[in-house]
Amino acid sequence: WNNIALCAYYCKQYDIVLQCFKQALNLCQDDDLLLADVWYNVSIVLISCGDMQFAYKALKIAVTANPKHGEAWNNLAILEEKLNHNYDEAITHFDTAHDAGDYLYEPLYNAALAHYKVGNCQNALQKILASLQIFPNHYPSQQLHQRLQNEFNIL
């Protein structure tokens, strides 16, 4: 039901998305990993609809159900930054996301960006270099790396 809900959403069959997610949630109450995946997918739909507050709550449920859900931690961190302007908490969540999925480059890039925004260029450089180790062709990471290099050259 979880995948059917996503398929329905992406096919613009909005009338059945909610029912599919409800069915998915009913069927996975005893499986925390599936429960986290369903709530993560609910958050994706909510974010794309613009309901950031409900998406934030859905992601909180997802990481409570599965503390090792790296993608959920990453998106929760992004919303923590955007909604609450809490960069320290966001950076902590990005680190948790990377710890949960060391194959993910997004939390490293996002943490680098958050560090850069608060003026912590040394940590930003460390995170962006780690991001580029995982995905060397990620253009936004390359751009941030270049910007950081330029700032260090000025100093």
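Look a little higher up for the structure.
Analysis parameters
- What you see as residue numbers is a count from 1 along each chain, following the sequence as written.
- Under the rules for a predicted model, residues below a pLDDT of 70 receive no local features and side-chain atom pairs below 80 are neither given nor counted, while totals for whole chains, interfaces and linings still include all residues.
- Side-chain measures were taken over the full set of non-hydrogen atoms in the model, leaving aside hydrogen atoms and water.
- Secondary structure follows DSSP: runs of H or I at least 4 residues long count as helices, runs of E at least 2 residues long count as strands, and numbering of each begins at the N terminus.
- Three exposure classes are used, based on accessible area relative to the maximum for each residue type with a 1.4 Å probe and protein chains only: buried under 20%, partly exposed in between, and exposed over 50%.
- Here a salt bridge means any side-chain nitrogen of Lys or Arg lying within 4 Å of a carboxyl oxygen belonging to Asp or Glu.

Trainee: So what exactly am I meant to see when it comes to unusual backbone geometry here?
Mentor: Leaving glycine aside, a negative phi is the common case for residues, and trans is the common case for peptide bonds. Phi at K12 is positive, roughly 60°, even though this residue is not glycine. In this fold, K12 is placed in the loop between α1 (2-10) and α2 (14-27). Of note in the backbone geometry, H85 takes a positive phi value of approximately 55° without being a glycine. Its relative accessible area of 58% is what places H85 among the exposed residues.

Trainee: Got a minute to help me understand the pattern of salt bridges in this structure?
Mentor: Here the idea is simple: oppositely charged side chains can pair when their charged atoms come close. If you walk through the whole model with that rule in mind, you get two salt bridges. Across the salt bridge formed by E81 and K117, the nearest N and O atoms sit 2.8 Å from each other. Of the two residues, E81 sits in helix α5 (residues 70-84) while K117 sits in helix α7 (residues 106-117), which places them 36 residues apart along the sequence. With its nearest N and O atoms 2.8 Å apart, the salt bridge here joins K127 to D95. Here the residue K127 occupies a position in helix α8 (residues 121-134), and D95 occupies one in helix α6 (residues 87-100), the gap between them amounting to 32 residues.

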